[in-house]
Amino acid sequence: MEVALSLLSLTFEKFVEFSGLLSPRNDLKKKKMEEKALEVYDVIRSIRDPEKPNTLEELDVVKEECVEVQELGDEEYLIIIKFSPTVPHCSLATLIGLCLQVKLQRCLPFKHKLEIYISEGTHSTEEDINKQINDKERVAAAMENPNLREIVEQCVAEPDD
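Since this is a predicted model, take the numbers as computed values, not measurements. Residue positions within a chain follow its written sequence, with the count starting from 1. Local features in this predicted model are restricted to residues of pLDDT 70 or higher, and side-chain atom pairs are both shown and tallied only at a pLDDT of 80 or more, whereas totals for entire chains, interfaces and linings draw on every residue. Processing note: side-chain calculations cover all non-hydrogen atoms of the structure and skip hydrogens and water entirely.

Participant: I keep staring at the overall build of the chain and nothing clicks. Help me out?
Facilitator: Runs of H or I in DSSP of at least four residues are treated as helices and runs of E of at least two as strands, each being numbered from the N terminus. When its secondary structure is counted, the chain shows six helices and three strands. Taken from N to C terminus, the helices and strands of the chain fall in the order α-α-β-β-α-β-α-α-α. Within the chain, the proportion of its 161 residues that are buried is 35%. Any two residues whose heavy atoms approach within 4.5 Å are treated as being in contact. For the chain, the share of sequence-separated contacts (at least 6 apart) that also reach a separation of at least 24 residues comes to 61%. In the form shown here, the chain has an accessible surface area of approximately 10500 Å², with 52% of it arising from carbon and sulfur atoms. Working definition: with a 1.4 Å probe on protein chains only, accessible area under 20% of the residue-type maximum means buried, over 50% means exposed, and in between means partly exposed. For every accessible area listed, the method is Shrake-Rupley and the probe measures 1.4 Å; residues are considered covered only by the protein chains on display.

Written out as structure tokens, the structure reads:
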């Protein structure tokens with residue numbers, strides 16, 4: 001009897017999955033995640049490069065496609081950003097990651113967890129940098145350095161500030 005019920009349950013689940021009965025709910029969720037990703041992108045696109053007079057968007061360090069948002073729970077999201085430094089040996093990649101961290105922590109109006117990575121294959125020391133920019137203690141320590149904090153503040157300031 002248990003086998004028959006399990007088989008019936010599995011058959012019903014597959015019917016619902018393939019019939020598209022749950023599709024509108026999934027479409028709404030997907031649309032919501034895309035909207036959140038655009039909201040995140042709008043926050044980071046104006047961050048200025050530490051060396052050049054351009055924004056990260058203008059230099060293609062960040063693009064819309066580099067932002068992914070996943071729902072973790074009720075109004076809580078996981079934000080994953082993959083950025084691409086302008087050159088594989090960029091000495092300021094860690095600083096760019098720090099700017100992304102700071103700007104998003106300050107500006108996002110919703111509860112979130114943040115993961116920032118260098119896009120695979122775009123930097124010679126990407127693994128080390130990924131560890132650094134996702135280590136909360138290192139980020140906090142870096143922001144205690146007055147010189148580093150000043151550079152970050154200049155990079156994350158809005159053009160009108």
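Participant: In this structure, what is going on with the nonpolar core? I would like to understand it.
Facilitator: Core analysis: the biggest nonpolar cluster contains 39 residues, and V40, I44, V67, I81, F83 and L100 have the highest contact counts within it. Residue assignment for this core shows that the elements contributing at least two residues are α2 (23–44), β1 (67–73), β2 (76–83), α3 (93–107), β3 (111–118), α4 (126–133), α5 (136–144) and α6 (146–156). Looking at this core element by element, the count peaks at eight residues for α3. Each residue touching F83, except ones within four places of it in the same chain, is listed here: V61, V62, A93, I96, G97, L100, I116, Y117, I118, S119, T122 and I133. Put simply, a nonpolar core is a bunch of buried Ala, Val, Leu, Ile, Met, Phe, Trp, Tyr and Cys residues held in one set by side-chain atoms that sit within 4.5 Å of each other.

Participant: What am I meant to see in the packing of aromatic side chains here?
Facilitator: In this description, an aromatic ring pair is defined by two values, namely the gap between the centres and the angle between the planes. Each Phe, Tyr or Trp ring, with Trp reduced to its six-membered ring, pairs with another whose centre is within 6.5 Å; inter-plane angles below 30 degrees give stacked pairs, above 60 give edge-to-face pairs, and intermediate values give tilted ones. Under the definition given, this model contains one aromatic pair. Between the aromatic rings of Y77 and F110, the centroid separation amounts to 5.2 Å while the plane-to-plane angle is 80°, which identifies the pairing as edge-to-face. Of the two residues, Y77 is situated in strand β2 and F110 in the loop between α3 and β3; the sequence distance between them amounts to 33 residues. Here Y77 matches F110 in class, with each residue buried.

Participant: I'm lost on α4 in this one. Help?
Facilitator: Residues that lie three or four places apart on an α-helix share one face, since the helix turns once every 3.6 residues. Within α4 the residues assigned to the buried category are E126, I129, N130 and I133. Down the axis of α4, the buried set is contained in an arc of 105°. They therefore lie on one face. Residues E127 and K131 are exposed on α4 and point more than 90 degrees away from its buried face. Lining the buried residues of α4 we find β2, α3, β3 and α5. Throughout, the arc means that of the directions going from the helix axis to the C-beta atoms.

Participant: Looking at this structure, how should I read the side chain of T55?
Facilitator: Residue placement: T55 occurs in the loop between α2 and β1. Those residues in contact with T55 that lie beyond four places of it in its chain are R45, S46, I47, R48 and D49.

Participant: Any chance you could explain the pairing of β2 here in plain terms?
Facilitator: Each regular strand shows side chains that alternate between the opposite faces of the sheet. Counted residue by residue, β2 has seven buried out of eight residues, so it is predominantly covered. Sheet topology places β1 next to β2; six bridges connect them, and they run antiparallel. Within the sheet, the bridge partner assigned to E71 lies in β2 and is Y77. Between the end of β1 and the start of β2, which pair antiparallel, lie two residues, with E75 showing a positive phi angle near 55°. Only when DSSP finds a minimum of two bridges between them are two strands counted as paired. As paired elements, β2 and β3 share eight bridges and run parallel to each other. Following the sheet pairing, L78 is matched in β3 by K113. A right-handed crossover is one whose linking path, passing over the helix from the first strand to the second, runs clockwise when the strands point away from the viewer. Following the chain from β2 across α3 to the adjacent parallel β3, one finds a crossover that is right-handed.

Participant: What should I look at first to understand the sheet that holds β3 in this one?
Facilitator: Pairing between the strands of a sheet is mediated by backbone hydrogen bonds and can be parallel or antiparallel. The mixed open sheet is built from three strands, whose spatial order is β1-β2-β3. Sheet topology places β1 and β3 at the edges, where each strand pairs with a single neighbour. Strand after strand, the sheet turns through a mean of 20° between neighbouring axes, direction not considered. Axes here refer to lines fitted to C-alpha atoms; in helices the fit is confined to the stretch in contact. Angles between the N-to-C directions go from 0 to 180 degrees. In the packing of α3 onto the sheet, contacts are made with β2 and β3, and the angle to β3 comes to roughly 165°. Sheet contacts for α4: β2 and β3; angle to β3, the most-contacted strand, approximately 160°.

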